Amino acid sequence: MSEPTYDAAFFRAWLEGAAAAVDREADRLTELDSAIGDADHGANLKRGFAAVTATLEKEPPATPGAVLATAGRQLISTVGGASGPLYGTLLRRTGKALGEAPEVSRTALAEALTTAVAAVSQLGGAQLGDKTMLDALVPAAEALGTSFEAAREAAEAGALATVPLQARKGRASYLGERSIGHQDPGATSSALLIAALAEVAA
Amino acid sequence: MSGRVGIVLVSHSAAVATAVAELARGLSGGGDTAPIVPAGGTPDGGLGTSADLIVRAAEAADGGVGVAVLVDLGSAVLTVKALLAEGDELPEGARLVDAPFVEGAVAALVTATAGGDLDQVVAAASEAYAYRKD
């Protein structure tokens, strides 16, 4: 039996779901960011994903790859903080890795996401355990090979696991040991993104 | 083309980018310097970096022989790297320079104004790291 596949409409629904989740959780993201960052993560992502939704509505791209690439470009240009180029690169690279296929399988998406997560790691110079979005994304990309639900659980567990870590990247790293005890806002928003994916797939 | 190397200054603050561009122009003797274009803050005047402002500044600074992009910190670095990785966002020959922002801007503009090529401009800006202040 062949795997089910997902078309451009599915990916638009994912990003709309992600935009709604970011909108709903913007205050919590900003609260987390005010503890160890510069308190703009929620507002920045909200602006970015609102622009993504508006662009995808205006000219809906025809393939999953194009949906993600277009969304990534919007995030790079509208977010204004470090999460813009990082999430922008994540979506663009995933889109480029999916190529021009009209429909893609979960396995293909897992492979594309893994490639994109590696690109994000290279861009930011961060690794697993540095208390960044990668702590949610790396396990999520791996678990996506099993199921959407496994990816959601892995991302949430990864975000929670950032609490006892000391930040080694970004503005939070200036705080040194004082960054310990706070959940990373980037890992938290990454978990929202993956949860939105699992929701559309359910 | 026989243009001079352009310089783009990407800061989280429009005031910082503009002031550093003025400082570099002043210390380069003012007058007919190589192009140096600030791209600071967000389009609505807030603190942050804007990919759109950076792309426009790079186009304005481009004389066809390369653009040296100097950045301050965090998202400025990441945004320029992400734009360069896209391949088609910044002019051909645009390069992110690993240099201190203020000192690098002065060294880059002096070198570009004197007719240095992109390699020489990048080298001059990067060498500013070697100047110790203690």
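Above this text is the structure in question.
### With respect to the overall build of chain B
No. 1: If you tally the helices and strands in chain B, you get five helices and four strands.
No. 2: Listing each helix as α and each strand as β along chain B from the N terminus yields β-α-β-α-β-α-β-α-α.
No. 3: Computed over C-alpha atoms, the radius of gyration of chain B comes to 13 Å, within 12% of the 14 Å expected from 2.2 N^0.38 for 134 residues, which places it in the range of a compact globule.
No. 4: By principal-axis analysis of the C-alpha atoms, chain B measures approximately 40 × 35 × 25 Å.

### Side note on the pattern of salt bridges
No. 1: In this structure the tally under the stated criterion is twelve salt bridges over all chains.
No. 2: We note a salt bridge from Asp23(A) to Lys46(A), for which the minimum N-O separation is 3.9 Å. Taken together, the positions of Asp23(A) in helix α1 (residues 8-36) and Lys46(A) in helix α2 (residues 41-58) put the pair 23 residues apart, joining distant regions of the chain.
No. 3: Classification of Lys46(A) by relative accessible area gives partly exposed; the value is 38%.
No. 4: A salt bridge links Arg92(A) to Glu86(B), with the shortest nitrogen-to-oxygen separation between them at 2.6 Å.

### Considering the interface of chain A and chain B
No. 1: Across the contact, 14 residues belong to chain A and 14 residues belong to chain B.
No. 2: Surface buried jointly by chain A and chain B totals about 1200 Å² across both partners, of which 52% is contributed by carbon and sulfur atoms.
No. 3: Counting the contacts that link chain A with chain B gives four salt bridges.
No. 4: With its nearest N and O atoms 3.3 Å apart, the salt bridge here joins Glu86(B) to Lys96(A).

### Examining unusual backbone geometry
Residue and element names in this part refer to chain A.
No. 1: Here the phi dihedral of Ala39 falls at roughly 60°; this positive angle occurs in a residue that is not glycine.
No. 2: With respect to the helices, strands and loops of the structure, Ala39 is situated in the loop between α1 and α2.
No. 3: Residue Ala39 is classed as partly exposed on the basis of its relative accessible area of 35%.
No. 4: Positive phi, close to 65°, is recorded for Lys131, a residue that is not glycine.
No. 5: Assignment of secondary structure puts Lys131 in the loop between α5 (106-124) and α6 (134-143).

### Here's the deal with a nonpolar patch on the surface
No. 1: On the surface, a cluster of nonpolar side chains totalling about 250 Å² of accessible area is made up of Leu23(B), Leu27(B) and Val102(B).
No. 2: Structurally, Val102(B) can be placed in helix α4 (residues 101-113).

### Points about the nonpolar core
No. 1: Counting residues in each nonpolar core, the largest one holds 74 residues, and the members touching the most others are Phe11(A), Leu15(A), Phe49(A), Leu90(A), Val8(B) and Val10(B).
No. 2: With nine residues, α1(A) is the single largest residue contributor to this core.
No. 3: Apart from residues lying up to four places away in sequence, Phe49(A) is in contact with Leu15(A), Ala18(A), Ala19(A), Val22(A), Leu75(A) and Leu193(A).
No. 4: In this structure, Leu70(B), Ala108(B), Leu118(B) and Val121(B) belong to the second largest nonpolar core, which totals 22 residues.

Conventions used here
Residues numbered from 1 in each chain as written. Chains lettered and ligands numbered in written order. Predicted model: local features only at pLDDT ≥ 70, side-chain atom pairs only at ≥ 80, totals over all residues. Heavy atoms only, no water. Helix = DSSP H or I, 4+ residues; strand = E, 2+ residues; numbered from the N terminus. Rg over C-alpha atoms; globule rule 2.2 N^0.38 Å. Salt bridge = Lys/Arg side-chain N within 4 Å of Asp/Glu carboxyl O. Buried < 20%, exposed > 50% of the residue type's maximum accessible area, 1.4 Å probe, protein only. Contact = heavy atoms within 4.5 Å. Buried area = accessible area lost by both parts, 1.4 Å probe. Patch = residues over 30% accessible without salt bridge, like charges linked within 9 Å, V, L, I, M, F, W, Y side chains within 5 Å. Areas by Shrake-Rupley, 256 points an atom, 1.4 Å probe, with all protein chains shown as cover. Core = buried A, V, L, I, M, F, W, Y, C linked by side-chain atoms within 4.5 Å.

So far we have only geometry, and geometry alone does not tell us how the molecule works.
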